Amino acid sequence: MSMRCAVFASGGGSNFQALLDRKAKGDLSVEFVLMIGNNSKAAAFDRARSNNIPSLHIAPSHFHSEEEYAQAMIAALTEAQTEFIVLAGYMKMLPSRIVKEYRNKIINIHPGLLPAFGGKGMYGMNVHKAVLEYGAKISGVTVHFVDEEYDHGPVIMQKAVDVLDDDDAEALASRVLEAEHDTYWRALEDIALGRICVDGRRVSVSAGGVASSSPG
Ligand code: GAR
């Protein structure tokens, strides 16, 4: 039985699309059962619709309290029999109750090499601007489990991307995004096939994992 995943997205959803493409190619043994977004205009909703994946717009402003907000999410996740949550460009902190209920069952992709250039306010283009301002020579992608702190849970996979002398934030973002698309499905597939072992902060992938560069 393939792992039942909910995808959370806030924007364009190109990472979501890359996962859908990998699934269509037969490289990803998961089922996408639900998409949740906090921004009703997110293109990720269109991607869900065209793939017949049920989607829900859930935003904190719809609720009187964090508890009600978390409860609505839990209800939707439970109804869809969600086993695992994939954050794909989701720009909101998840309620801690969700993190608790899905401990080590939520992953995020960050457009930088954590722990550098992470934390509150470090998302999307902010990361690439900060990397360039700092003058770092290498940036990249981090896939990690989600815990109660921003960009903090155990690291599952990282991929480095060179920062070029003539990069602006857009150019760097687009090369990092390409690396994201080639990385996220590998981490998810390793998890879906039970190849990932978590020991405190140390995450290891057993033999046969797709972490190393296999042909795309
Ligand atoms: C991606 O670069 C992703 O790593 C980043 O937002 C972009 C979303 O693109 N996520 C974060 O910064 C989360 N903290 P997408 O909507 O096209 O997948």
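Everything that follows concerns the structure shown earlier in this document.
Reading the values: the criteria
Residues numbered from 1 in each chain as written. Predicted model: local features only at pLDDT ≥ 70, side-chain atom pairs only at ≥ 80, totals over all residues. Heavy atoms only, no water. Near = heavy atom within 4 Å. Polar contact = N/O pair within 3.5 Å; in protein donor to acceptor, adjacent residues only side chain to side chain. Areas by Shrake-Rupley, 256 points an atom, 1.4 Å probe, with all protein chains shown as cover. Helix = DSSP H or I, 4+ residues; strand = E, 2+ residues; numbered from the N terminus. Nonpolar A, V, L, I, M, F, W, Y, C, P; charged D, E, K, R; others polar. Pairing = 2+ DSSP bridges. Axes fitted to C-alpha atoms, helices over the stretch in contact; angles between N-to-C directions. Contact = heavy atoms within 4.5 Å. Salt bridge = Lys/Arg side-chain N within 4 Å of Asp/Glu carboxyl O. Buried < 20%, exposed > 50% of the residue type's maximum accessible area, 1.4 Å probe, protein only. Phe/Tyr/Trp six-rings, centres within 6.5 Å; stacked < 30°, edge-to-face > 60°.

Turning next to the site of the ligand. Around the ligand there are 13 residues in total, and Gly13, Ser14, Asn15, Gly124 and Glu180 lie nearest to it. Residue Asn15 places a main-chain N or O atom 2.9 Å away from an oxygen atom belonging to the ligand. Measuring from an oxygen atom of the ligand, one finds a side-chain N or O atom of Glu180 at 2.7 Å. Coverage of the ligand by the protein amounts to 89% of the 450 Å² it exposes when considered alone. Among the secondary structure elements, those contributing two or more residues to the shell around the ligand are helix 1 (14-25), strand 5 (106-110) and helix 6 (169-192). Within the shell around the ligand, the residues separate by chemical class into five nonpolar, seven polar and one charged.

Attention now goes to the sheet that holds strand 6 (residues 138-145). Taken together, the seven strands give an open sheet; going across it, the order is 3-2-1-4-5-6-7, and neighbouring strands pair in mixed fashion. Each edge of the open sheet carries a strand with a single partner, namely strand 3 (55-57) and strand 7 (155-162). Across this sheet, the average inter-strand angle for adjacent strands is 20°, counted without regard to direction. Summarising the sheet, strand 1 (residues 3-9) and strand 4 (residues 84-87) pair through four bridges and their orientation is parallel. From the neighbouring strand, Cys5 faces strand 4, where its bridge partner is Phe84. The strands touched by helix 6 within the sheet are strand 1, strand 2 (30-37), strand 4, strand 5, strand 6 and strand 7, with strand 7 carrying the most contacts at an inclination of about 155°.

Turning our eyes to something else, we now look at the pattern of salt bridges. Applying the stated criterion across every chain yields a total of 11 salt bridges. Across the pair Asp27 and Arg22 runs a salt bridge whose closest N-O atoms are separated by 2.6 Å. Across the salt bridge formed by Glu67 and Arg97, the nearest N and O atoms sit 2.8 Å from each other. Pair noted here: Glu67 is in helix 3 (residues 66-79) and Arg97 is in helix 4 (residues 96-101), with a separation of 30 residues, a long-range link. On the accessibility criterion, Glu67 (46% relative accessible area) is partly exposed.

This part covers the environment of Lys41. Summarising the element assignment, Lys41 is placed in the loop between strand 2 and helix 2 (43-50). On the basis of relative accessibility, which here comes to 74%, the residue Lys41 falls in the exposed class. Taking the C-alpha atoms as reference points, Lys41 and Ser10, 31 residues apart in sequence, are found 8.6 Å from one another.

A few words now on the side chain of Asp167. Residue position: Asp167 is located in the loop between strand 7 and helix 6. Using a relative accessible area of 12% as the deciding quantity, one classes Asp167 as buried. Here Leu164 takes part through its backbone nitrogen, which lies 2.9 Å from a polar atom of the side chain of Asp167. At 2.8 Å, the side chain of Asp167 and the side chain of Arg175 are in polar contact.

What the rule picks out here adds up to four aromatic pairs. When the centroid spacing of 6.3 Å and the interplanar angle of 80° are considered together, the rings of Phe16 and Phe32 count as edge-to-face. In this pair, Phe16 sits in helix 1 while Phe32 sits in strand 2, placing the two residues 16 residues apart along the sequence. Summarising the burial analysis for this pair, Phe16 and Phe32 share the class buried.

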